[in-house]
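Each chain is listed here by its residues.
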Amino acid sequence: MVYHNIVLIGFMGSGKSTVGKTLARQILKDFVDVDTVIETEQNASITEIFESKGETYFRDLEQKCINQLAQKKGQVIATGGGLPIYGTIPEHSLIVYIDADFDVIMKRLPKHERAKRPLLDDEAKARALFAQRIDTYKDKAHFSVDANQQVHIFIHLIRDFVLDRRVL
Ligand code: S3P
């Protein structure tokens, strides 16, 4: 199988963007972040889009966005945490799950990053969402990396996995 893009999935705040940027630099690929592309195209933050247009509208935008991004090859694509749950990841994607525990994510995430995510407002609800989603993340991924360890270590593991596969 030849893969066109590397797609990072995982719960909100698990580090998909941070990991994606570093990984892309190391393996000489472009980095794109679905949420950032949407915010730029809509000229609005994710919170504003949720508030003004609603979650369903946002889900539609994120599906269209990744479909559009997948027209190109050779990228590391960071997805929003809901994309693999509500949407479909395009074919020919090498999918990596950033597998961090809920408590680890919460401990690592600064307050201002938490504030950007409407679905993290209520910690008990977010914890329940995490429990609901975890199996889907694991099922959809070609590789789940233990992201409870130091970032530079698990980026290395992802890199080894990816470099063993054919990605254009
Ligand atoms: C969401 C995750 C967010 C963003 C939106 C909804 C989710 O992205 O797309 O707030 O449903 O998990 P991150 O995973 O980058 O936080």
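Before reading on, note that the structure itself is shown above.
Given the structure is predicted, the values throughout are model-derived calculations rather than measurements.

A. Layout of the site of the ligand. Surrounding the ligand, one finds 15 residues, the nearest of these being Lys16, Asp35, Arg59, Arg117 and Arg133. The side chain of Asp35 places a nitrogen or oxygen atom 2.7 Å from an oxygen atom of the ligand. Notes on the ligand: free accessible area 390 Å², of which the protein chains cover 96%. With respect to the pocket detection grid, the ligand is positioned in the largest pocket. Counting residues per element, the ones that place at least two in the shell around the ligand are α3 (46–53) and α4 (55–69). Here the residues of the shell around the ligand sort into 6 nonpolar, 4 polar and 5 charged.

B. Local environment of the layout of surface pockets. Taken as a whole, the largest pocket holds about 840 Å³ of empty space. For the largest pocket, the lining is made up of 37 residues, of which Gly13, Ser17, Asp35, Glu113 and Arg117 are closest to its centre. Sort the elements by how many residues they give to the lining of the largest pocket and helix α1 (residues 16–27) lands first, with 5 residues.

C. Structural context of helix α9 (residues 151–163). With 13 residues, α9 should reach 18 Å at 1.5 Å per residue; the first-to-last C-alpha distance of 18 Å fits that figure. Along α9, the residues that are buried comprise Phe154, Ile155, Ile158, Phe161 and Val162. Buried positions in α9, seen along its axis, are confined to an arc of 120 degrees and lie on one side of it. Of the exposed residues in α9, those oriented more than 90 degrees away from the buried face are His152 and Leu163. For α9, the elements touching its buried residues are β2 (5–9), α1, β5 (93–99), α6 (102–108), β6 (143–146) and β7 (166–167).

D. Fine view of the packing of aromatic side chains. Taken as a whole, this structure holds 6 aromatic pairs when the rule is applied. Measuring from ring centre to ring centre gives 5.1 Å for Phe50 and Phe58, while their planes differ by 45 degrees; the resulting arrangement is tilted. Summarising the burial analysis for this pair, Phe50 and Phe58 share the class buried. Put simply, the rings of Phe11, Phe102 and Phe130 touch in pairs and so form one group of aromatic residues.

E. Fine view of the side chain of Lys29. Checked against the element boundaries, Lys29 lands in the loop between α1 and β3 (30–33). Although Lys29 is buried, it forms no salt bridge, and the closest oppositely charged side chain is Asp30 at an N-O distance of 9.1 Å. Within polar-contact distance, the side chain of Lys29 engages the backbone oxygen of Leu168 at 3.3 Å. The residues contacting Lys29, other than those within four sequence positions of it, are Ala24, Gly74, Gln75, Val76, Val167 and Leu168.

F. Representation of the environment of Val151. Along the chain, the position of Val151 falls in helix α9. Between the C-alpha atoms of Val151 and Glu48, which are 103 residues apart in sequence, the distance is 30 Å.

About the criteria used
- Residues numbered from 1 in each chain as written.
- Predicted model: local features only at pLDDT ≥ 70, side-chain atom pairs only at ≥ 80, totals over all residues.
- Heavy atoms only, no water.
- Near = heavy atom within 4 Å.
- Polar contact = N/O pair within 3.5 Å; in protein donor to acceptor, adjacent residues only side chain to side chain.
- Areas by Shrake-Rupley, 256 points an atom, 1.4 Å probe, with all protein chains shown as cover.
- 1 Å grid on protein atoms, 1.4 Å probe; cavity = no way out; pocket = protein on both sides within 12 Å on 5 of 7 lines; lining within 4 Å.
- Sits in = over half its atoms within 2 Å of the grid points.
- Helix = DSSP H or I, 4+ residues; strand = E, 2+ residues; numbered from the N terminus.
- Nonpolar A, V, L, I, M, F, W, Y, C, P; charged D, E, K, R; others polar.
- Points joined across faces, edges and corners; volume = space filled by probe spheres on them.
- Expected span 1.5 Å × (residues − 1).
- Buried < 20%, exposed > 50% of the residue type's maximum accessible area, 1.4 Å probe, protein only.
- Arc of directions from axis to C-beta.
- Contact = heavy atoms within 4.5 Å.
- Phe/Tyr/Trp six-rings, centres within 6.5 Å; stacked < 30°, edge-to-face > 60°.
- Lys, Arg positive; Asp, Glu negative; His and termini not counted.
- Salt bridge = Lys/Arg side-chain N within 4 Å of Asp/Glu carboxyl O.

So far we have only geometry, and geometry alone does not tell us how the molecule works.
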